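Reading the structure
Each chain, written out:
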There are 2 protein chains.
Amino acid sequence: MREAHKTEATEDYVELIDDLICVNGEARLVDVASRMGVTQPTASKTLARLQRDGYISSEPYRSIFLTPMGKSLADESRLKHEIVFEFLQTIGVSKEAAKRDSEGMEHHVSDETLKAFKKLIRQYKS
Amino acid sequence: MREAHKTEATEDYVELIDDLICVNGEARLVDVASRMGVTQPTASKTLARLQRDGYISSEPYRSIFLTPMGKSLADESRLKHEIVFEFLQTIGVSKEAAKRDSEGMEHHVSDETLKAFKKLIRQYKS
DNA sequence: GTATAAACTAAGCCTTGGCTAAATTGTAAA
DNA sequence: TTTACAATTTAGCCAAGGCTTAGTTTATAC
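This report concerns the structure included in the present document. (Residues numbered from 1 in each chain as written. Chains lettered and ligands numbered in written order. Predicted model: local features only at pLDDT ≥ 70, side-chain atom pairs only at ≥ 80, totals over all residues. Heavy atoms only, no water.)

Focus: the interface of chain B and chain A
- Contacts between chain B and chain A engage 25 residues on the former and 25 residues on the latter.
- In total, about 2000 Å² of surface goes out of reach between chain B and chain A, with carbon and sulfur atoms giving 55% of it.
- Linking chain B to chain A there are nine residue pairs in polar contact (both at pLDDT 80 or more).
- Secondary-structure elements contributing two or more residues to the side of chain B that touches chain A are helix H1 (3-24), helix H4 (68-90), helix H5 (95-105) and helix H6 (111-125) of chain B.
- Here the side of chain B that touches chain A takes seven residues from H6(B), the largest share from any one element. (Contact = heavy atoms within 4.5 Å. Buried area = accessible area lost by both parts, 1.4 Å probe. Polar contact = N/O pair within 3.5 Å; in protein donor to acceptor, adjacent residues only side chain to side chain. Helix = DSSP H or I, 4+ residues; strand = E, 2+ residues; numbered from the N terminus.)

Focus on the environment of A:Leu73
All names here are of chain A.
- Take Leu73: it is sitting in helix H4 (residues 68-90).
- Classification of Leu73 as buried rests on a relative accessible area of 15%.
- Placed 61 residues apart in sequence, Leu73 and Asp12 show a C-alpha to C-alpha distance of 9.8 Å.
- Ignoring anything within four residues of it in the chain, the contact list for Leu73 reads Thr10, Glu11, Val14 and Tyr55. (Buried < 20%, exposed > 50% of the residue type's maximum accessible area, 1.4 Å probe, protein only.)

Observations regarding the relation of the copies chain B and chain A
- When chain B is brought onto chain A, the operation consists of a screw motion whose angular component is 180° and whose axial shift is 0.0 Å, with 0.1 Å RMSD remaining. One copy is carried onto the other by what is essentially a two-fold rotation axis. The C-alpha atom lying nearest the rotation axis in chain B is that of B:Met105; the distance is 2.7 Å. (Least-squares fit on C-alpha atoms with pLDDT ≥ 70 in both.)

Describing the packing of helix H1 (residues 3-24) of chain A against helix H3 (residues 40-52) of chain A
Residues and elements named next belong to chain A.
- One can describe the packing of H1 onto H3 by two numbers: an axis separation of 11 Å at closest approach and a directional angle of 100°. As judged from the angle between their axes, H1 and H3 are roughly perpendicular. The segment H1 lies against H3, with Ala9, Thr10, Tyr13, Val14 and Ile17 engaging Ala43, Thr46, Leu47, Arg49 and Leu50. (Axes fitted to C-alpha atoms, helices over the stretch in contact; angles between N-to-C directions. Parallel < 35°, antiparallel > 145°, perpendicular 65-115°, else oblique.)

Concerning the protein's contact with DNA strand C
- Residues in close proximity to DNA strand C total 21 residues, the closest being A:Arg28, A:Val30, B:Thr42, B:Lys45 and B:Arg49.
- Counted by atom, the contact set of DNA strand C within 4 Å of the protein is 69% sugar and phosphate.
- In this structure, a phosphate oxygen belonging to DNA strand C sits 3.2 Å away from a side-chain N or O atom of A:Ser44.
- At a separation of 2.7 Å, a phosphate oxygen of DNA strand C approaches a polar side-chain atom of B:Thr42.
- Breaking the surface near DNA strand C down by element, the ones donating at least two residues are helix H2 (29-36) and H3 of chain A together with helix H3 (40-52) of chain B.
- Among the elements that line the surface near DNA strand C, the one with the most residues is H3(B), at five residues.
- Looking at side-chain class alone, the surface near DNA strand C contains 10 nonpolar, four polar and seven charged residues. (Near = heavy atom within 4 Å. Nonpolar A, V, L, I, M, F, W, Y, C, P; charged D, E, K, R; others polar.)

Digging into the pattern of salt bridges
All names here are of chain A.
- Overall, the coordinates contain 20 salt bridges over all chains when judged by the stated rule.
- The residue Asp53 makes a salt bridge to Arg49 at a minimum N-O spacing of 3.8 Å.
- Through salt bridges with shared partners, a single ionic network connects Asp18, Lys71, Asp75, Arg78 and Glu82. (Salt bridge = Lys/Arg side-chain N within 4 Å of Asp/Glu carboxyl O.)

Looking at the protein's contact with DNA strand D
- In the neighbourhood of DNA strand D, 20 residues make up the surrounding shell, with A:Thr42, A:Lys45, A:Arg49, B:Val30 and B:Gln40 lying closest.
- Counting only atoms of DNA strand D within 4 Å of the protein, the fraction found in sugar and phosphate groups is 69%.
- Within the side chain of A:Arg49, a nitrogen or oxygen atom sits 2.5 Å from a phosphate oxygen of DNA strand D.
- Between DNA strand D and the protein, one listed contact pairs a phosphate oxygen with a backbone N or O atom of B:Leu29 at 3.4 Å.
- Elements with a contribution of two residues or more to the surface near DNA strand D: H3 of chain A together with helix H2 (29-36) and H3 of chain B.
- With five residues, the single largest contributor to the surface near DNA strand D is H3(A).
- Class assignment for the residues of the surface near DNA strand D results in 10 nonpolar, four polar and six charged.

Thoughts on the packing of aromatic side chains
- Using the criterion set out here, one finds three aromatic pairs over all chains in the structure.
- When the ring of A:Phe87 is compared with that of A:Phe117, the centres are 3.8 Å apart and the planes differ by 5°; the resulting orientation is stacked. In this pair, A:Phe87 is assigned in helix H4 and A:Phe117 in helix H6 (residues 111-125), connecting sequence segments 30 residues apart.
- The class for A:Phe87 is buried, based on a relative accessible area of 0%.
- When its relative accessible area of 0% is taken as the criterion, A:Phe117 is described as buried.
- Grouping aromatic residues by their ring pairs yields a cluster made of A:Phe87, A:Phe117, B:Phe87 and B:Phe117. (Phe/Tyr/Trp six-rings, centres within 6.5 Å; stacked < 30°, edge-to-face > 60°.)

Taken by themselves, the reported measurements are silent on function.
What follows is the structure, encoded as structure tokens:
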């Protein structure tokens, strides 16, 4: 797989787990699976890989926690995601399309592009 | 894999094959592999799938052709790619970063977002 | 306190997209 | 024309990410 692809799933998962913890107080497999649109066994296998790679920690049958590494990746990802989402709306894309597109695009925008996005958001605001 | 992902490799390959045919007069496995940054057996396997799915045609040991379906996918993809590439440069992203980012982003922009990009390009031009 | 339902894990299979090593075919030069 | 090299294919391996079916564990409700 090409570079960006390798981390895409990881970023999506840690971002989601972080979100679930914020909203629900904890992240359960069943919710991760349903929000990712995959079956529980599939989510379970991916989470095992994330744990193996040091992004999350959890005991069998218990809820999921982010490691410091996982948390910082989640924060980075969400920031990118939010900027792209806001940018698209700023240039006139509907909320729904902006939501869909930003989810895919966030993994491909470089810091340079992100900076250009932020600048334009600022310009439009003034 | 999530929706966009499934067609990403296909789009990249047909776009590249189309390009090779334009520039070199024909598309050979060896060039496809080197431009995609994978080994020849890997490219060969992917091309077999593309042929199975009706995007390309070729005889053993011969060069590769796009089917009408492959050609129209290539045209669509390149158009998207070019718009994203031009858009990023228009908002101040360097050519190099625009090239890298547009390659990943092209698979995730909806028609609505593409329209917004085109509009902004026009605005900046005037 | 036990039965039942929900959550999770285990096992096994599939496809895609990587790789290496080895065999085959095509082509060009001696 | 033969030989050697380049291009391609074949075979076999691996990891990720998807599925289903079946078995465990946990939690809930009675």
